[in-house]
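Now for the letters of each chain:
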Amino acid sequence: MSSWKQIAACTAGAIVIAACGGGSGGGGGGGGFPFIATSPPPSSGPATPPASKIALQVLSSQPEHVSGGDARIAVLAPPADQAQVELWLNGAKISPALASGADRLEGVVTGLKLGANTLELRHKTRGKLDTLTLTNHPITGPMFAGPKQEPFVCSVLTELGKEPLVDTTDTKYYAVHDAGGATIGYSQHCSIDSYVQYYYMPVGGTSHNNYQPMPADGSRPPNIAKTTLTDGREVDFIVRWERGTINRFIYQYVMLAPFGEDPAKPDTSLWNRKLVYHFQGGVGFGHYQGGPDKRAGLVDAIGKGYAIAYSTGNRTGEHYDMILGGETALMTKEGFVKRYGVPSYTVGLGASGGGIQQYLYPQNHPGLIDAAIAVQPYPDMVGQIPHVGDCELLEYYMDVTDRNNPTAKWTSDIKNRTWLVGFNAEQSVANPFIGLQGLLPNVKMASGSTECRKAWMGLTAGAMNPKFDADGIMAKGAARMNMAAFGAIPFSHYDDVRNIYGIGADGYPRSTWDNVGVQYGLQSMKDGKISPAEFVDLNFKVGGWKRMSEMVPEGFPYNGTGPTEVQKVIADASYFDPWGSRNMNQWNAATPNVPAPRTHGDLDAIKAMQRSGLVFTGKTDIPTIDWHPYLEQKLNMHNVHQSFAIRQRIRGKMGGSDHQAIWFTETRGAASEFDQTPMAFEVIDEWMAKIRANPTRTVADNRPERAMDSCFDKDGALMAKGAGVWDGVLDTRPRGVCTQAFQMYGTSRIVAGGPIEGGIFKCALKSVDTALNDGTYAPWVPNATDIQKLQATFPEGVCDFSKPGQGAPG
């Protein structure tokens, strides 16, 4: 994940292709094109039916998930019957252009109305043979993700230089201007007509930043690089780059194209029939259309003939509604298949939130991708919120509440902080606020940083505080929208996904964050790293987070770090608040015998989240390479233990994880980080080829030699591979070669006794008396005073991690 957006502006000079309007609703933006791509690929649908069986099949989506008024279909029929079949749509005969193959006819059916459509296959002599009900949805959505979020700020003008299409007269939405700057209407859905631009890679170019637009006069640049396809052909590195809008987000389809191609009749002869769905990461909380990142132009993959599909709706830097993200990915891939045909397989690629999507979507939408290259993934985003929410509580305790620790435990050695937060800490990574220490008499910070401070600061405020506009949505919408007309906007992750979490009695989205019963630092106390007295004090005073309705605007540094903001700190030291302590349930020194209140998560919200598909349960059976460049020393937020949290969930759900290969690559001492993804593409391609050649064997049985658990040195050379290289992570066996080479850390909830796989949002509870008798605190034996304080701290009980969390399915 990354807290900030990296948006690349795109060049102009495009050829516009008007979209078909049939049933799209909302107008424009990604409706079906009136063409069939040349050289239609073989379908990845079912095997050829018997000669007596003639049937219909939808190739671009499931029949119930059609959008934009059109669908790519196949008529499965032997050659002798192909001239005898007819298609009827809603009782009327239609004649779509269908390309003939050995066992099928294939093409795009247009003119679908919104809602249910009846597509019939009839034979001139044998009558009706098959019927499908195609349920068509607007190209602007939704299909199943629920009501659209408002306000929603368009970015097609700022990112693509295009005014959105007028679709409403309601003046609170995005004002659309003509060429003279006059308002001609308003856009609710931010749609544009799809269009194509052509780029080339110049000789010597190696990055997406090196693409150059093809000359507008149609001439051929003299410095076009050559590239070699997977079939060995050497061709010009010219790229067809299509952009438009689907489900309100900006999509991109990118692939090689021959010089001089007619954009209305794309030539797919350079496509190797393999599709990469490029998911991207970041942390965002919705309300914004996003930017069409040029990183979608994956040089290594495109240069080999792969096609790329991408949508800003699948960049978690715009939102973290994974139900909406899944819907968007289905619609975006559907659009690709309608335009270009069915790929032989689709492989996902993406880091951080882009990795999360490659675990969640195979679980929620089997068939969307056939293989995954998940880089720096987490199991899910919602599973990070509990321990990230702990971060600032624990940092505040160390910096403020326990600043006078008699052994200076939290400042003398930065590594000591790991004993509470679980994440790594490094003296070499400077605390960005240590220069302000002299202004803060009631604060004692460490000069180094934990991963909490370096990587996660601000994420709690962004996810939980409705008064914190983390993505600057109000400013983005101010120029063209009447933002006040939408009323108060409770910015947060819970608002972003309110369709799942629901709204509480106080009018705010229901929150799942909970720390009732969590015994912070428990394992560190048992290991002798912190004393029992420190353990008791920590849990008595650490507190929790206020309800959203009680939260107030953030202080420094959330409103900037410039001179004006520093002056506010000088005038009032309490304005310095990187922890967000003003929104905590704090311990009050004036009532020292009253513990700081913990936070209760909403059980109904937790149950809804668990049922919705926001949580990765471990259900995935596709070939997966899970790759981490090792960055723990930099306190990068992509802590590497997450790959094993994922593996543990897969094993728990699927019974085994042999279809998942975990790779780490060393970065310490490297001049630049080695990119293992080209190798991952090769290995996935080998894997998919073996699956096609041996369809009766399991995914694991078709695993190629290189698709093994592995670790690599800083130059990408293999250090070790095989079944035992990660021993000692999820078992008690002696540590394997890779386990020894790459130190892993945990989270605050793991230190509190939770499982490595996480996924417990509201723990099951047991009484303090039970914990005293079952060895929870051993070897420590609390005295009467300690017991009294533990009971005061945990009146409802302490976490029993041997049981499923409250609200867990089943």
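**Let's talk about the sheet that holds strand E10 (residues 127–137)**
Strand order in the open sheet made by the five strands is E3-E10-E9-E5-E6, with mixed pairing throughout. With partners counted over all chains shown, the strands left at the sheet margins are strand E3 (66–67) and strand E6 (92–94), one partner each. In terms of strand pairing, strand E5 (residues 85–89) meets strand E9 (residues 115–123) through five bridges, oriented antiparallel. The residue of E9 that forms the bridge with Glu86 is Arg122.

**Considering the state of the cysteines**
Per the counting criterion, the structure on display carries four disulfides. Residue pairing for Cys711: its cysteine sulfur links by disulfide to Cys738, the two sulfurs lying 2.1 Å apart. Note on the Cys711 and Cys738 pair: the S-S dihedral is about -80°, so by sign convention the disulfide is left-handed. Residue Cys711 is located in strand E29 (residues 710–712), and its partner Cys738 is located in helix H20 (residues 737–741); the two are separated by 27 residues in the primary sequence. Of the two residues examined, Cys711 and Cys738, each falls in the buried class. At a sulfur-sulfur separation of 2.0 Å, the disulfide partner of Cys763 is Cys799.

**Details of the pattern of salt bridges**
Tallied over the entire structure, the rule returns 44 salt bridges. Among the salt bridges present, the one from Asp685 reaches Lys274, with a minimum N-O distance of 3.0 Å. Of this pair, Asp685 sits in helix H19 (residues 677–693) while Lys274 is found in strand E19 (residues 274–278), placing the two residues 411 residues apart along the sequence. Through salt bridges with shared partners, a single network forms among Arg240, Glu242, Glu261 and Arg339.

**With respect to the packing of helix H6 (residues 385–401) against helix H15 (residues 532–541)**
Packing of H6 against H15 brings their axes to within 11 Å, and their N-to-C directions diverge by 110°. The orientation of H6 relative to H15 falls into the category roughly perpendicular. From H6, Leu394, Tyr397 and Thr401 reach across to H15, where they touch Glu534, Asp537, Leu538 and Lys541. Residue composition of the contact of H6 with H15, grouped by class: three nonpolar, one polar and three charged.

What counts and how
- For every chain, the first residue of the written sequence is number 1, and numbering continues from 1 onward in sequence order.
- The predicted origin of the model limits local features to residues at a pLDDT of at least 70 and limits the giving and counting of side-chain atom pairs to 80 or more, whereas totals for whole chains, interfaces and linings rest on all residues.
- As a convention, hydrogens and water are excluded, and side-chain values are obtained from all of the structure's heavy atoms.
- When DSSP finds at least two bridges between two strands, those strands are taken to pair.
- Strands here are runs of E lasting at least two residues and helices are runs of H or I lasting at least four, both read from the DSSP assignment and numbered beginning at the N terminus.
- Any cysteine sulfur atom paired with another within 2.5 Å is treated as part of a disulfide.
- Buried residues are those whose accessible area, probed at 1.4 Å on protein chains only, stays under 20% of the maximum for their type, while exposed residues exceed 50% and partly exposed ones sit between those limits.
- Each reported salt bridge corresponds to a side-chain nitrogen of Lys or Arg within 4 Å of a carboxyl oxygen of Asp or Glu.
- A fitted line through C-alpha atoms serves as each axis, taken over the contacting stretch for helices, and the angle formed by two N-to-C directions is quoted from 0 to 180°.
- Each angle gets one of four labels, with under 35 degrees taken as roughly parallel, over 145 as roughly antiparallel, 65 to 115 as roughly perpendicular, and the rest as oblique.
- Residue contacts are counted whenever heavy atoms from the two residues lie within 4.5 Å of one another.
- For this classification, Asp, Glu, Lys and Arg are treated as charged, while Ala, Val, Leu, Ile, Met, Phe, Trp, Tyr, Cys and Pro are nonpolar and the rest, including Gly, are polar.

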